[in-house]
Amino acid sequence: MAKLVQTTKGLDIQISGQAEPKLVKLPIPEDVKIIPDHYPIYPKLSVKAGDKVLAGDPILYDKNHPDVLVTSPVSGEVLAVNRGERRKILDIIIRVDKSIEYKSFEKINLETASAESLKALLQEAGVWSYIKQRPFDEMANPAVTPKAIFVSAYDSAPLAPEYEVIIKGEEPAFQAGLNTLVKLTHGKVYLGSKTGSAFSAFKNVEQVELQGKHPVGNPSVMIQQISPINRGEIVWTVNPLGVLFIGRLLLTGQVDFSKKIALTGPEVNVPQYYQTIIGTDISSIIKDNVATDKHLRYISGNVLTGTQIEADGQVVAADSQLTVIAEGDEQHEVLGWAMLRLHNFSVNRSYFSWLMGKKMTAKFDARLLGGRRALIMSGEYDKVFPFDILPEYLIRAMITKDYDKMENLGIYEVIPEDFALCEYVCTSKMELQKITQEAIEFMKSEME
């Protein structure tokens, strides 16, 4: 019987533009860009302009773990390596062959394979970087064995893609990915999904049923309720896309970085899924399918935790969602906050839109709609923060960089995305995710 993880706190933000389960397959792009910032590594180059590569050949490696590689998603010629200030690698551009050729990796028998041989394969093939480590949500250390591994197949964030659509037709590869993860821990692999999900049919894992409002789909919620992290303990997390990449490798002996991306948001004409490959320019996805009369913001991921990208940018390698909203900089409202706003979302019923019912969806834009204040309002964060942690006190400890207080108040159990809703409801408009990330970096530096 599945474990139940249930939350009573949280918030479901109703935004228009949910993707329909319709799939459009895009052609092989002319060029792809590999962006080091999309991977949790300290990048060093393995190629130079003019080199020929196969899909699966190394492009980058991690300075701290040289065996951990980032590999090419396509075959072709390296056109350029672009650098920025202090010679930081910005991107590697590859001109794609008309027909993609793949490097062959050793096919391993999962029944008899050791954890060490599997780790070596995942590192060599470039899929290791999709395995994250807690505390601190950094790339997993291959030298460590975690006490448990968590996979959340339910993204409860606004307009999040349905992972049933993402893995549809590739269930054997997903199962192979889960079987691989089972070999990498002395504990259990926990697979979380919403009630009635197709993921409940997968085997060799501990099934977890997730019920509640966002952020119930965040791995942190599962971790805290099932296997809380104490000082010195390690758990790993893998998102379903990473599990799929691992499974494809084990089944075929090749790396296949093709993926499905949900194009979502109120400024999308037809929200739907696209089959593409890592590094593809999003212009092929948004072409003729977004509003043309507004200044738009493109977000890799969801509106709460995603990364802003340009109209000719690339979706972050680990993301399966592209959100499009209006910037709102052309809006000039006569009465400002005093307007009725029958079609605007409000947490505290400040607008009359709450009378429209829970099924009402709103057209959000990127405006802050508030002013920054140098204070923390008591009780705001607790309403949407479903952890056994005192968020206000932890945030204050983060701001003051109080190591002992942060440790005692539970910083090992959270990452920036867990404070996204707190940031959204914050009257003072504090950048809580940024504060959390800076505190985590401070903790890591003090522990070294």
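Please refer to the structure higher up on the page.
Residues numbered from 1 in each chain as written. Predicted model: local features only at pLDDT ≥ 70, side-chain atom pairs only at ≥ 80, totals over all residues. Heavy atoms only, no water.

**Let's talk about the overall build of the protein**
Each helix and strand in the protein was counted, giving 10 helices and 20 strands. Computed over C-alpha atoms, the radius of gyration of the protein comes to 22 Å, within 12% of the 22 Å expected from 2.2 N^0.38 for 448 residues, which places it in the range of a compact globule. Taken over the C-alpha atoms alone, the protein extends approximately 65 × 50 × 50 Å along its principal axes. Within the protein, counting contacts between residues at least 6 apart in sequence, those at least 24 apart form 68% of the total. Looking at the protein as shown, the accessible area adds up to about 21000 Å², and 50% of this sits on carbon and sulfur atoms. The distance from the centre of the 49 positive side-chain charges to the centre of the 57 negative ones in the protein is 2 Å. (Helix = DSSP H or I, 4+ residues; strand = E, 2+ residues; numbered from the N terminus. Rg over C-alpha atoms; globule rule 2.2 N^0.38 Å. Contact = heavy atoms within 4.5 Å. Areas by Shrake-Rupley, 256 points an atom, 1.4 Å probe, with all protein chains shown as cover. Lys, Arg positive; Asp, Glu negative; His and termini not counted. Charge placed at Lys NZ, Arg CZ, Asp CG, Glu CD.)

**Description of the packing of aromatic side chains**
Each aromatic ring pair is described using two quantities: the centre-to-centre distance and the angle formed by the ring planes. Inspection of the entire model under this criterion finds 11 aromatic pairs. A ring pair is formed by Phe174 and Phe199, whose centres lie 5.3 Å apart and whose planes are at 70°; its orientation type is edge-to-face. With Phe174 in helix α3 (residues 171-183) and Phe199 in the loop between β13 (189-194) and β14 (206-211), this residue pair connects regions lying 25 residues apart in the sequence. Between Phe199 and Phe202, the ring centres sit 5.8 Å apart and the planes meet at 40°, which makes this aromatic pair tilted. Assigned by exposure class, Phe199 and Phe202 land together as buried. Taken together, the ring pairs in this structure connect Tyr130, Phe245 and Phe257 into an aromatic cluster. Between Arg396 and the ring centre of Tyr393, over which it is positioned, the NZ or CZ distance is 5.7 Å. (Phe/Tyr/Trp six-rings, centres within 6.5 Å; stacked < 30°, edge-to-face > 60°. Buried < 20%, exposed > 50% of the residue type's maximum accessible area, 1.4 Å probe, protein only. Lys NZ or Arg CZ within 6 Å of the ring centre and 35° of its normal.)

**Examining the sheet that holds strand β18 (residues 296-300)**
Through backbone hydrogen bonds, the strands of a sheet pair up, either in parallel or in antiparallel fashion. Read across the open sheet, the six strands follow the order β2-β17-β16-β20-β18-β19; overall the sheet is mixed. Only two strands of the sheet have a single neighbouring strand rather than two, namely β2 (23-25) and β19 (307-309). Neighbour to neighbour, the strand axes of the sheet diverge by 30° on average, direction disregarded. Bridge count between β18 and strand β20 (residues 321-326): five bridges; the pairing is antiparallel. Each bridged residue has a counterpart across the sheet, and for Ile299 the counterpart in β20 is Thr323. (Pairing = 2+ DSSP bridges. Axes fitted to C-alpha atoms, helices over the stretch in contact; angles between N-to-C directions.)

**Re the packing of helix α7 (residues 391-400) against helix α10 (residues 432-447)**
As a packed pair, α7 and α10 sit with axes 9 Å apart at the nearest point and diverge in direction by 60°. Taken together, the axis directions place α7 and α10 in an arrangement best described as oblique. As for how α7 packs across α10, the hand of that crossing is left-handed. Every residue of α10 that contacts α7 at Ile395, Met398 and Ile399 is listed here: Leu432, Ile435, Thr436 and Ala439. When the residues that make up the contact of α7 with α10 are grouped by side-chain class, the tally is six nonpolar, one polar and no charged. (Parallel < 35°, antiparallel > 145°, perpendicular 65-115°, else oblique. Left-handed = near helix turned anticlockwise from the far one by under 90°. Nonpolar A, V, L, I, M, F, W, Y, C, P; charged D, E, K, R; others polar.)

**Quick word on the sheet that holds strand β9 (residues 89-96)**
A sheet is described by the order of its strands in space; here four strands give the open sequence β3-β9-β8-β5, paired in antiparallel fashion. Edge positions in the sheet fall to β3 (31-34) and β5 (52-53), since each has one partner strand and no second. Looking at chain direction, β5 and strand β8 (residues 76-83) are connected through two bridges and run antiparallel. The partner of Val53 across the bridge, within β8, is Gly76.

**Looking at unusual backbone geometry**
Cis geometry is adopted by the peptide bond preceding Pro135, which originates at Arg134 and carries an omega value of 5°. Position of Pro135 among the secondary structure elements: in the loop between β10 (131-134) and β11 (138-139). That bond from His214 to Pro215 is cis: its omega, 20°, falls within 30 degrees of zero. For Pro215, the location among the structural elements is in the loop between β14 and α4 (219-226). In this structure, Asp137 is a non-glycine residue whose phi angle is positive, near 55°. Position of Asp137 relative to the elements: it lies in the loop between β10 and β11. Backbone geometry places Asp288, a non-glycine residue, at a positive phi of 60°. Turning to its location among the elements, Asp288 is positioned in the loop between α6 (283-286) and β18.

**Comments concerning the side chain of Thr71**
Relative to the assigned elements, Thr71 resides in strand β7 (residues 69-71). Polar contacts involving the side chain of Thr71 include one to the main-chain carbonyl oxygen of Ala125, which spans 2.7 Å. Apart from residues lying up to four places away in sequence, Thr71 is in contact with Gly56, Asp57, Pro58, Ile59, Glu124, Ala125, Gly126, Val255 and Phe257. (Polar contact = N/O pair within 3.5 Å; in protein donor to acceptor, adjacent residues only side chain to side chain.)

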